Amino acid sequence: MKNFADFGLEPRVLQAITELGFEEATPIQAQSIPIALTGKDMIGQAQTGTGKTAAFGLPLIHKIAKEEERIVALVMTPTRELAIQVAEEIGKLSRFKGIRSLAIYGGQDIGRQIRALKKKPQIIIGTPGRLLDHINRKTIRLDDVQTVVLDEADEMLDMGFMDDIQSILKLVPEERQTLLFSATMPANIQKLASQFLKDPEHVSVIPKHVSAPLIDQAYIEVPERQKFEALSRLLDMESPELAIVFGRTKRRVDELAEALQKRGYSADGLHGDLSQHQRDTVMRKFRDGSIDVLVATDVAARGLDVSGVTHVVNFDLPQDPESYVHRIGRTGRAGKEGTAWSFVTPREMDHLYFIERVTRQRIPRKPLPTMAEAIEGKQRVIAERVLEIIEQGELTEYKGLAIQLLEQYDSVQLLAAAMKLLTGDKKESVDIHLTPEDPIRAKRRKPDIRSGRKPSGGYGGRSNSGGYRQNREGGGNRGGYSKGGYNRDGNRSYGSRDGNRNSSDRRERSYSGGDRRSSNRSGDE
Ligand code: ADP
Ligand code: MG
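None of these values were measured; they are calculated from a predicted model. (Residues numbered from 1 in each chain as written. Chains lettered and ligands numbered in written order. Predicted model: local features only at pLDDT ≥ 70, side-chain atom pairs only at ≥ 80, totals over all residues. Heavy atoms only, no water.)

Student: Give me the overall build of the protein chain: which residues, what numbers.
Tutor: Each helix and strand counted, the protein chain has 23 helices and 13 strands in total. Across the 525 residues that make up the protein chain, the buried fraction comes to 51%. A sequence separation of at least 24 residues applies to 79% of the contacts in the protein chain between residues at least 6 apart. In the structure as shown, the protein chain presents an accessible area of about 24,600 Å², 49% of it carried by carbon and sulfur atoms. (Helix = DSSP H or I, 4+ residues; strand = E, 2+ residues; numbered from the N terminus. Buried < 20%, exposed > 50% of the residue type's maximum accessible area, 1.4 Å probe, protein only. Contact = heavy atoms within 4.5 Å. Areas by Shrake-Rupley, 256 points an atom, 1.4 Å probe, with all protein chains shown as cover.)

Student: For the site of ligand 1, give the residues involved together with the corresponding values.
Tutor: Lining the immediate surroundings of ligand 1 are 16 residues, of which Glu24, Gln29, Gly49, Lys52 and Thr53 lie closest. With respect to ligand 1, the backbone of Gly51 contributes an N or O atom lying 3.1 Å from an oxygen atom. In the complex, 85% of the free accessible area of ligand 1, which totals 570 Å², lies under the protein chains. Here the shell around ligand 1 is composed, by residue class, of three nonpolar, eight polar and five charged. (Near = heavy atom within 4 Å. Polar contact = N/O pair within 3.5 Å; in protein donor to acceptor, adjacent residues only side chain to side chain. Nonpolar A, V, L, I, M, F, W, Y, C, P; charged D, E, K, R; others polar.)

Student: Talk me through the pattern of salt bridges; I want residue IDs and the actual numbers.
Tutor: Applying the stated criterion to the full structure yields 25 salt bridges. Note that Asp144 and Arg141 form a salt bridge whose closest N and O atoms lie 3.5 Å from each other. Two residues, Arg248 and Glu437, come together in a salt bridge whose shortest N-O distance is 3.8 Å. A residue pair is termed long-range when its members are at least 10 positions apart, and Arg248 in the loop between β9 (243-246) and α11 (250-262) and Glu437 in the loop between α18 (411-423) and α19 (446-451) qualify at 189 residues. Its relative accessible area of 4% is what places Glu437 among the buried residues. (Salt bridge = Lys/Arg side-chain N within 4 Å of Asp/Glu carboxyl O.)

Student: Go over the sheet that holds strand β4 (residues 123-126), please, and point to the residues and values.
Tutor: What the seven strands build is an open sheet, ordered β3-β4-β2-β5-β6-β1-β7; its pairing is parallel. This sheet does not close on itself; its edge strands, each paired only once, are β3 (101-104) and β7 (201-204). Averaged over neighbouring strand pairs, the angle between their axes works out to 15° when direction is ignored. Bridge analysis of strand β5 (residues 147-150) against strand β6 (residues 177-182) gives four bridges, and the strand direction is parallel. Directly across from Val148, in β6, lies its bridge partner Thr178. (Pairing = 2+ DSSP bridges. Axes fitted to C-alpha atoms, helices over the stretch in contact; angles between N-to-C directions.)

Student: Lay out the packing of aromatic side chains in plain terms, naming residues and giving numbers.
Tutor: Scanning the model with the defined rule gives four aromatic pairs in all. Centroid distance Phe56 to Phe181: 5.5 Å. Interplanar angle 45°. Geometry classified as tilted. Taken together, the residues span a long stretch of sequence, with Phe56 in helix α3 (residues 52-63) and Phe181 in strand β6 at a distance of 125 residues. A centroid spacing of 5.7 Å and a plane angle of 55° characterise the contact between Phe315 and Phe343, whose relative ring orientation is tilted. Of this pair, Phe315 sits in the loop between β12 (311-314) and α14 (321-328) while Phe343 sits in strand β13 (residues 338-344), and the two are 28 residues apart along the sequence. Taken together, the ring pairs in this structure connect Phe4, Phe7 and Phe22 into an aromatic cluster. (Phe/Tyr/Trp six-rings, centres within 6.5 Å; stacked < 30°, edge-to-face > 60°.)

The values are spatial; any link to function lies outside them.
Right, here's the structure in full:
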């Protein structure tokens, strides 16, 4: 079942789906909606970007009566941003039916939330902490809740919400439906499920092929100190509509955002140290396109659903393969194409191979764009913009002057000058200094790495359930590295260039070095 009309959803709900432009149900939707409609409990495993909100949202909206004045559905999400996103999506899906939903999260004035609650929303979407706050103040009562959704359950537990979730679930009537969604299924999720779900149906979406061959991935080998130049060239060459650039640390994000601004790019940074107001402002600017480069840490970008991200750049390689998968999944969403580049310093090559093995895909190498390519790219964009303006017309008021100028100067020269002006000064001369980051050391997981098996714990589940695993070659091209690990086929140029001695040196350094840069990572929020 793929067509939304086949689910038996009521016309006003279908109308909203059509309005949103959803043509067919995503795999997780196709599997979850029929189960959710029956009222059974369910566990759904699928990556971000696979359409889980509608998977649980549509059945909720279908079932709830417009006249209902009680809170009959409760959705819990790990973060404020996700609560807002889910509420927005549910708002859109319920537009024609007129169901009322409300996001409840920390950091927003509680008085305002209490006033909003007086409008009798039927669906509450909230973060566990703030929900408990309201429950304790008796501004939210869960006595009438019929459906509970735990969205991104693994993230909630990672963030330490286990106790809060348990307290909340104990206050919801036992006669209810519970739906749990999670990207991974670690033991604590299973424990939570066995405690609070009754005979749940399991649904999991592990795409074997095609579902997202839409992310064009590549890596560029570049020394740490040339990364910024590489980034500028890439941005100039491709002029992304919306790009997310990932940095490893908060300091990195700050420095990089500032450096990009100095060079004339419209960029801003997002990380955990910003106030919520600042984060909201940055996100709004990114969503409405007033900045087109968002520099972010993993934590800050987690789960954010911004549609239309055309490019992801791993300015710094992530430590975990699963972060890699998460990061690149910010693009190529909802059937659109995306590009994901990773900068890899020479000493991090082994770590890249590790990411390839765990995520079971080959990431092709790409040369650093040349200055000429960057300039050509910039000029092409300007030319496109000029042609767009011609198409729009409305040039009458400029025509008089144009004719005058053409009488005195050569047309090619005039146009070239105008284009130069439009290209703007990207302030190439401004000095940029970024504090260097140490290379990532590959984790010590010798047995797994050598056997090519999935490392135990953590990685396997997530990378396997990704909505974006590429498999363009249909699996035929995998053996080369999934079996042998180092036995890579042909076109890795680094090996022959640097010689074997060097690369085994590197391997030694990387795999035996105990210095994991965990301090940086855990310092990020
Ligand atoms: P998840 O919760 O799995 O991360 P979301 O529910 O946030 O995913 O959906 C990701 C994006 O895909 C949203 O912008 C959503 O509007 C869009 N989307 C959801 N379902 C469909 C569909 N059936 N067709 C097209 N786009 C969809
Ligand atoms: Mg979601």
